[in-house]
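Below are the chains, spelled out letter by letter.
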Amino acid sequence: MVGPTASISNLNRADGSASFKCPTTGYDVLGAVNAPIELPTRRDALKPEEATVEVFVKPGTTTAGVGERYIEGILRSVLGKVVLGREKGFPRRGVVITLAIVGGGNVERGDSYLTILPALLHTSLLALLSASVPLSMTFAATTLGVTISNEIIRDVSPRGAKAAASLHALAFSSKGHLLLNESQGRFDFEIWEAVREQALFICQGAAVPSADGDVAMDEEADRTHLDGFIRETVEDQIHSEYNWKVDSV
Amino acid sequence: MRPVGKAKWPKKVDFAPLTGAGFASITMSKEHPLSNPERDFILDALRQNVRLDGREVDQFRPLNIAFGDEYGHVKLQLGKTNIVVRISAEVTKPHEDRPFDGLFNINLELSAMGSPAFENGRSSDLEANSTHILDSVIRHSNALDTESLCIIQGVSCWSIRADVHVLDYDGNLTDAACIAIMTALQHFRRPDAVVKEGQVIVYGVEDRVPVALNITHKPLSVTFQTFNDGTHIILDASRREELASEGELVIGINNAGDMCFLSKFSGAPVDALAIVNKTTVALERVKEINALVDKALKADLAQRSKQGMADESRAENDR
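This structure is a prediction, so every number in the text was calculated from the model and none was measured.

Details of the overall build of chain B
Consideration 1: A count of helices and strands for chain B gives five helices and 14 strands.
Consideration 2: Per-residue burial over chain B gives 40% buried out of 319 residues.
Consideration 3: Contacts spanning at least 24 positions in sequence make up 72% of the contacts within chain B whose residues lie at least 6 apart.

Quick look at the overall build of chain A
Consideration 1: In terms of helices and strands, chain A carries seven helices and nine strands.
Consideration 2: For chain A, the proportion of contacts with a sequence separation of at least 24, taken over those separated by at least 6, is 66%.

Focus: the UniProt feature "domain: Exoribonuclease phosphorolytic" (unreviewed entry) in chain B
Residue and element names in this part refer to chain B.
Consideration 1: Per the UniProt record, the feature "domain: Exoribonuclease phosphorolytic" (unreviewed entry) sits at residues 59-191 and 219-270.
Consideration 2: Along residues 59-191 the backbone is 23% helical and 36% strand, and the end-to-end C-alpha distance reaches 39 Å.
Consideration 3: The distance separating the terminal C-alpha atoms of residues 219-270 is 24 Å; by composition the span is 12% helix and 46% strand.

Concerning the sheet that holds strand 6 (residues 139-146) of chain A
Residue and element names in this part refer to chain A.
Consideration 1: Pairing within the open sheet is antiparallel, and its four strands lie in the order 7-6-8-9. With one partner strand each, in any of the chains shown, strand 7 (152-154) and strand 9 (178-185) form the two edges of the open sheet. On average, each strand axis in the sheet is tilted by 20 degrees relative to the strand beside it, whichever way the strands run.
Consideration 2: Relative to strand 6, helix 2 (residues 117-130) is tilted by about 175 degrees, and along the sheet it contacts strand 6 and strand 8 (166-173).
Consideration 3: Here helix 4 (residues 189-204) sits on the sheet in contact with strand 6, strand 7, strand 8 and strand 9, set at roughly 140 degrees to strand 6.

What about the nonpolar core?
A general feature of soluble globular proteins is that nonpolar side chains tend to end up buried together.
Consideration 1: Membership of the largest hydrophobic core comes to 131 residues, with the highest contact counts inside it found for Val33(A), Leu120(A), Ile83(B), Val85(B), Ala177(B), Ala180(B) and Ile181(B).
Consideration 2: Take this core: its biggest share by element is ten residues, from helix 3 (residues 173-187) of chain B.
Consideration 3: Ala177(B) has contacts with Ile83(B), Leu108(B), Ser130(B), Leu134(B) and Val164(B), leaving out every residue within four places of it along the chain.
Consideration 4: Judged by nonpolar contacts, the second largest core, of six residues, contains Leu34(B), Ile42(B), Leu46(B) and Ala244(B).

Things to note about the interface of chain A and chain B
Consideration 1: Taken together, the contact between chain A and chain B spans 19 residues of the former and 23 residues of the latter.
Consideration 2: Contributions of two or more residues to the side of chain A that touches chain B are made by strand 3 (28-37), strand 4 (52-58) and strand 5 (94-103) of chain A.
Consideration 3: A total of five residues in the side of chain A that touches chain B trace back to one element, the largest contributor, which is strand 5 of chain A.
Consideration 4: Grouping the constituent residues of the side of chain A that touches chain B by class yields nine nonpolar, seven polar and three charged.

Quick notes on the packing of helix 2 (residues 125-139) of chain B against helix 3 of chain B
Residues and elements named next belong to chain B.
Consideration 1: It is the contact of helix 2 with helix 3, at a shortest axis distance of 10 Å, that shows an interaxial angle of 40 degrees. Our classification of the angle between helix 2 and helix 3 gives oblique. For the element pair helix 2 and helix 3, the recorded crossing hand is right-handed. Contacts from Leu126, Ser130, Ile133, Leu134, Val137 and Ile138 in helix 2 reach Leu173, Thr174, Ala177, Cys178, Ile181 and Met182 in helix 3.

Concerning the pairing of strand 12 (residues 232-235) of chain B
All names here are of chain B.
Consideration 1: Here strand 12 shows two buried faces, one formed by His232 and Ile234 and the other by Ile233 and Leu235.
Consideration 2: Both strand 11 (residues 220-227) and strand 12 contribute to a ladder of four bridges, which runs antiparallel. Paired with glutamine 225 across the two strands is isoleucine 234, which belongs to strand 12.

Focus: the confidence of the model for chain B
Residue and element names in this part refer to chain B.
Consideration 1: Of all residues in chain B, 87% have pLDDT values of 70 or greater, and the mean over the chain is 86.
Consideration 2: In the model of chain B, helix 5 (residues 272-318) stands out as the element of lowest mean pLDDT, 85, in contrast to helix 3, which has the highest, 96.
Consideration 3: With pTM at 0.86, the complex prediction returns an ipTM value of 0.85.

Focus: the environment of Leu121(A)
Consideration 1: Tracing the backbone shows Leu121(A) in helix 2.
Consideration 2: On a C-alpha basis, the gap between Leu121(A) and Thr142(A) in space is 9.3 Å, while along the polypeptide they are 21 residues apart.

Some details on unusual backbone geometry
Residue and element names in this part refer to chain A.
Consideration 1: In this model, alanine 35 is joined to proline 36 through a cis peptide bond whose omega is -15 degrees.
Consideration 2: Take proline 36: it is sitting in strand 3.
Consideration 3: Backbone geometry at arginine 92 places phi at a positive 70 degrees, although glycine is not the residue there.
Consideration 4: Relative to the helices and strands, arginine 92 resides in the loop between helix 1 (66-82) and strand 5.
Consideration 5: With 19 C-beta atoms counted inside 10 Å, the residue arginine 92 sits in the partly exposed group.

Focus: the packing of helix 2 of chain A against helix 6 (residues 226-241) of chain A
Residues and elements named next belong to chain A.
Consideration 1: Here helix 2 crosses helix 6 at 35 degrees, and the two axes come no closer than 11 Å. In this structure, helix 2 meets helix 6 at a crossing whose hand is right-handed. Judged by residue contacts, His122, Leu125, Leu126 and Leu129 of helix 2 engage Ile230, Thr233 and Val234 from helix 6.
Consideration 2: Residues of the contact of helix 2 with helix 6, tallied by class, amount to five nonpolar, two polar and no charged.

Side note on the sheet that holds strand 4 of chain A
All names here are of chain A.
Consideration 1: Taken in spatial order, the five strands of this open sheet run 1-2-3-5-4, and their pairing is mixed. Strands at the two margins of the open sheet, each flanked by one partner only, are strand 1 (5-8) and strand 4. Within this sheet the neighbouring strands show an average axis-to-axis angle of 15 degrees, counted without direction.
Consideration 2: Bridge count for strand 1 against strand 2 (residues 16-21) is four bridges, and the pairing is antiparallel. Following the sheet pairing, serine 7 is matched in strand 2 by serine 19.
Consideration 3: Across the sheet, helix 1 is in contact with strand 4 and strand 5; its angle to strand 4 comes to roughly 145 degrees.

Reading the values: rules and limits
- Counting restarts for each chain: residues are numbered from 1 in the order of the written sequence.
- The lettering of chains begins at A and the numbering of ligands begins at 1, in the order of writing.
- Where local features are concerned, this predicted model is filtered to residues with pLDDT of at least 70; where side-chain atom pairs are given and counted, the filter is 80 or more; whole-chain, interface and lining totals use all residues.
- Put simply, DSSP marks the helices as runs of H or I at least four residues long and the strands as runs of E at least two long, and each gets a number from the N terminus on.
- Here a residue counts as buried when 20 or more other C-beta atoms sit within 10 Å of its C-beta, as exposed when there are 12 or fewer, and as partly exposed otherwise, the C-beta atoms being derived from the backbone.
- Any residue pair is listed as a contact if its two C-beta atoms, each placed from the backbone, are within 7 Å.
- UniProt positions are given in the numbering used here, feature names are shortened, and annotations may be inferred rather than shown by experiment.
- Think of it this way: DSSP has to see at least two bridges between two strands before they count as a pair.
- Axis definition: a line fitted to C-alpha atoms, over the contacting stretch in the case of helices. Angles run 0 to 180 degrees between N-to-C directions.
- We define a nonpolar core as a collection of buried residues of the types Ala, Val, Leu, Ile, Met, Phe, Trp, Tyr and Cys that are connected via C-beta atoms lying within 7 Å of each other.
- All amino acids are sorted into three groups, where Ala, Val, Leu, Ile, Met, Phe, Trp, Tyr, Cys and Pro are nonpolar, Asp, Glu, Lys and Arg are charged, and the leftover types, Gly among them, are polar.
- Oblique is the label for every angle not falling under 35 degrees (roughly parallel), over 145 degrees (roughly antiparallel), or within 65 to 115 degrees (roughly perpendicular).
- Left-handed describes a crossing whose near helix is turned anticlockwise from the far helix by less than a right angle; the clockwise case is right-handed.
- Every residue is assigned a pLDDT by the predictor, reflecting its confidence on a scale from 0 to 100.

Here it is as structure tokens:
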């Protein structure tokens with residue numbers, strides 16, 4: 001199976017940016033983060049002691065509609081928890097995340113938006129990391145589909161989503177905590193539990209943290225799960241950015 | 001770009017002469033304004049016919065055109081201005097008053113991705129201005145033959161939509177978007193549709209060879225910025241130069257030299273002869289760019305057909 005590809009800091013004007021491409025679903029998402037930034041319209045924020053996280057999803061070939069607003073709400077609630085909005089320089093400011101779907105199919109009206117959710121989450125996370133926004137943790141997300149015969153399929157394509165009995169988007173923090181759980185369709189708790197286990201395996205691999213929170217590092221295992229993929233992408237970027245230093249030593 | 005105090009486009013305002021650093025507070029969007037020394041530096045350098053990046057007065061920044069996987073997906077870089085254009089097609093009902101015409105829309109939305117000065121979901125002057133120019137140059141000049149998009153008169157037609165995503169904004173958005181849209185329109189292939197017994201059948205890309213759009217001519221916009229009371233006119237200004245400029249002059253022209261758009265919205269008056277001269281410059285540039293676009297399109301087409309052949313032979317082997 002072909003894994004996703006990602007790159008960091010590919011735009012000039014935005015504070016941080018990332019692009020993420022998932023070959024199985026075909027989505028190609030470009031994300032930009034501006035933070036901390038003055039929000040002229042949010043002077044009197046509801047929570048003045050925190051930064052306001054704003055998410056904007058721009059579909060590739062249509063105008064943003066109800067579906068985009070819905071997915072923006074989910075992204076805002078997840079990322080709002082992860083961003084440390086009380087760090088110095090962040091209160092009363094904004095963390096503006098712009099996500100443009102630059103490649104792949106559109107999510108048609110009436111189709112499920114959960115298929116694109118992991119791509120959007122990963123792009124935002126990488127863009128936030130690229131903008132050096134303080135985060136409490138990293139995370140990985142996946143969407144699993146359950147067919148009528150209770151078979152779990154990973155990285156559901158929009159076409160596969162139509163045939164699936166239920167869809168589940170789950171995100172796990174780097175420490176294995178469940179951050180997001182959005183489900184659609186008919187399913188019972190046993191199915192959900194099986195989905196959760198499978199999703200945890202996809203996001204974290206076998207490296208389930210021990211009681212003291214330490215994660216066993218294994219180079220080989222890193223490449224097979226999403227958390228390792230995020231880690232590797234950032235490592236590669238840091239390596240290329242500090243190349244001058246490595247060479248001079 | 002357009003140093004008109006509070007006036008909103010398209011309201012015409014009387015030009016008030018601006019002198020020296022007196023218009024330091026004027027900005028077109030909320031881009032960070034230039035400092036006075038920076039502005040003076042740009043203007044002084046122009047008096048000596050020198051530009052910030054060492055270009056000639058009538059020279060474009062390096063243009064790079066790449067294509068995405070699907071048809072009508074163009075990635076364009078003009079200097080540091082970075083744009084993605086995607087074309088999409090769907091079958092809809094034509095307008096009541098124009099039953100023979102298909103629909104064609106250009107959608108340009110500036111998001112905070114292009115520049116921190118752009119606010120998400122809020123339209124700005126720059127956006128309205130660019131959209132107006134693009135509409136005039138491409139849409140109203142009928143560059144895309146909308147009549148060829150008709151499927152059944154008054155019942156169904158193709159609706160073509162061009163979406164412009166601004167990834168990096170570094171000046172001259174309009175020209176970059178214009179080149180990208182024209183390239184994308186030439187690159188795009190719509191699914192074949194056939195009318196059988198009053199029913200429209202749209203064939204998938206796998207079933208029938210998709211059809212190219214009918215392009216009648218290839219107009220492009222060429223934007224000049226004026227400085228020092230209209231004495232210095234430069235082509236393809238970068239963001240910094242735009243911030244220091246007094247006014248813009250936009251010329252929409254095609255390969256044959258047919259002018260489809262000319263605008264001098266605001267700013268210091270420009271000598272009529274200068275405009276005539278710049279029109280000649282614009283024609284030269286348009287020819288050059290169109291040649292470049294054709295070359296890029298040909299290269300991409302050749303690669304695609306090669307890939308298509310490879311795919312076909314692979315399918316044969318599978319059997």
